[in-house]
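Examining the three-dimensional arrangement
Here is what each chain is made of, one letter per residue.
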Amino acid sequence: MRILFMGTPDIAAECLKALYAAGHDICAVYTRRDKPVGRKQVLTAPPVKEVALAHGTPVFQPRTLRDGSEDENIRALAPELIVVVAYGCILPKSVLEAPKYGCINLHVSLLPKYRGAAPIHWAILNGEQETGVTIMHMAHDLDAGDIIAQAATPIDPDETVVALHDRLAVLGAELLVNVVADIAAGTATRTPQEHGKATLAPMLSRELSPMDWSRPARALHNQVRGLVPWPAAVTELGGNRCKVFSTSVLDATTSAAPGTILAAGKEGIQVACGGGTVLRIDELQADGGKRMKAADYLRGHPIPVG
């Protein structure tokens, strides 16, 4: 099938690779503009652009599609299908209606749950035990189109956003290839979403970072693994502000007040939490310092118990 692909980050690149491998004709790729990355602010191409250029595919990086400036170019490319994966630009009606088979989108949640920008993060933050990927026909409203197919996967209670993202990228790429084949064969299904059951997954902010030790250890553990690598959970230890990157929920109870340091040594930093639960900080980064094991941090920054 002749496909116009629109996407930007790693998960989109994984899907694009799968479409190439399946033998589809990728007539062009639309992605966001190159951005400065790192401390040295090196201008870096999006992952999707790198994949497309490696295959000799034309790449377009407009600031927006909403003004109609790309309509003529998209019509000239004559795609049968537009595939969108985490592109980051809103598609106007003129683009949605351009291809013969319309536009489909891959979203990393089991819609209608977690519509929005950060579905993987919010699934973990909320302690969900299952998530997945959805491929849908695109509609004017955000993530509200009719569902073509879904694939579910359990979330491990210790799995981070990074690990879950990588698994969903593989799962999504496999499902996408199957869906495109079904569309070409005329066997793809179409199921309207139950809009009344929709929940949102808004963009993340640093307001989510502070750790409230009156919450149970499991909720704080979810906060830590749901906010890596950015904006990261944050707390104060021994007068130093620290980002917390890895924790463990201990099978222990305590009568100490939430926030009390119960132990600080080679196994990490144990902290009393709400409901008498205990959380151990395993990996952290103090302001101005490097990310390291909590035990290594303690060698230079001893924290008194109690």
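Everything below is about the structure shown above.
So, here's what we can say about the structure. (Residues numbered from 1 in each chain as written. Predicted model: local features only at pLDDT ≥ 70, side-chain atom pairs only at ≥ 80, totals over all residues. Heavy atoms only, no water.)

Looking at the overall build of the protein
Tallying secondary structure elements over the protein gives 8 helices and 15 strands in all. Its C-alpha atoms give the protein principal-axis dimensions of about 70 × 45 × 35 Å. Counting all 306 residues of the protein, 48% fall into the buried class. As presented, the protein carries roughly 15000 Å² of accessible surface, and 51% of it is formed by carbon and sulfur atoms. (Helix = DSSP H or I, 4+ residues; strand = E, 2+ residues; numbered from the N terminus. Buried < 20%, exposed > 50% of the residue type's maximum accessible area, 1.4 Å probe, protein only. Areas by Shrake-Rupley, 256 points an atom, 1.4 Å probe, with all protein chains shown as cover.)

Focus: the environment of V42
Here V42 is to be found in strand 4 (residues 42–44). Sequence separation between V42 and H137 is 95 residues; the distance between their C-alpha atoms is 36 Å. For V42, the contacting residues outside a window of four places in its chain are K35, P36 and V37. (Contact = heavy atoms within 4.5 Å.)

Notes on unusual backbone geometry
That bond from V228 to P229 is cis: its omega, 0 degrees, falls within 30 degrees of zero. The residue P229 is located in the loop between helix 7 (217–226) and strand 10 (233–237) in this model. With an omega of 5 degrees, the peptide bond between W230 and P231 qualifies as cis. Summarising the element assignment, P231 is placed in the loop between helix 7 and strand 10. Non-glycine residue Q41 carries a positive phi angle of around 55 degrees. Within the secondary structure layout, Q41 lies in the loop between strand 3 (35–37) and strand 4.

Side note on the state of the cysteines
Under the criterion given, the structure shown has 0 disulfides. No disulfide involves C27; its nearest neighbouring cysteine sulfur is the one of C103, lying 12 Å away. Judged by its relative accessible area of 8%, C27 is buried. Its sulfur unpaired, C242 is 16 Å from the next cysteine sulfur, which belongs to C273. C242 sits in the buried class, given a relative accessible area of 0%. (Disulfide = S-S within 2.5 Å.)

Focus on the sheet that holds strand 2 (residues 25–30)
What the 7 strands build is an open sheet, ordered 5-2-1-6-7-8-9; its pairing is mixed. In this open sheet, the two edge strands, each paired with only one partner strand, are strand 5 (59–60) and strand 9 (147–154). The pairing of strand 1 (residues 2–7) with strand 6 (residues 81–85) spans 5 bridges and is classified as parallel. Looking at the pairing, I3 lines up with L81 of strand 6. Against the sheet, helix 1 (residues 10–21) makes contact with strand 1, strand 2, strand 6 and strand 7 (103–107), and its axis sits at roughly 165 degrees relative to strand 1, the strand it touches most. (Pairing = 2+ DSSP bridges. Axes fitted to C-alpha atoms, helices over the stretch in contact; angles between N-to-C directions.)

Quick notes on the packing of helix 1 against helix 2 (residues 47–54)
Running from N to C, helix 1 and helix 2 cross one another at 25 degrees; their axes reach a closest spacing of 7 Å. Overall, the two elements helix 1 and helix 2 adopt an arrangement that is roughly parallel. Across from D10, A12, A13, L16, K17 and Y20 in helix 1, the residues of helix 2 making contact are P47, V48, V51 and A52. (Parallel < 35°, antiparallel > 145°, perpendicular 65-115°, else oblique.)

Details of helix 1
For helix 1, built from 12 residues, the straight-helix expectation of 16 Å at 1.5 Å per residue is met to within 8% by its first-to-last C-alpha distance of 17 Å. Along helix 1, the residues classified as buried are I11, A12, A13, C15, L16, A18, L19 and Y20. Summarising the contacts, the buried residues of helix 1 are in contact with strand 1, strand 2, helix 2, strand 6, strand 7 and helix 6 (161–185). G23 lies just past helix 1 and shows a positive phi near 90 degrees. (Expected span 1.5 Å × (residues − 1).)

Some remarks on the pairing of strand 10
Burial of strand 10 is extensive: 4 of the 5 residues sit out of reach of the surface. Note that strand 10 and strand 11 (residues 240–250) share 5 bridges and pair antiparallel. Considered in strand 11, the bridge of T235 is made with C242.

What about the pattern of salt bridges?
What the rule picks out here adds up to 11 salt bridges. For D287, the salt bridge is made with R241, and the minimal N-O distance between the two is 2.8 Å. One end of the pair, D287, is in the loop between strand 14 (278–286) and strand 15 (292–293); the other, R241, is in strand 11, with 46 residues separating them in the sequence. Given a relative accessible area of 39%, R241 falls into the partly exposed group. We note a salt bridge from R291 to E283, for which the minimum N-O separation is 2.9 Å. Residue R291 is classed as partly exposed on the basis of its relative accessible area of 43%. (Salt bridge = Lys/Arg side-chain N within 4 Å of Asp/Glu carboxyl O.)

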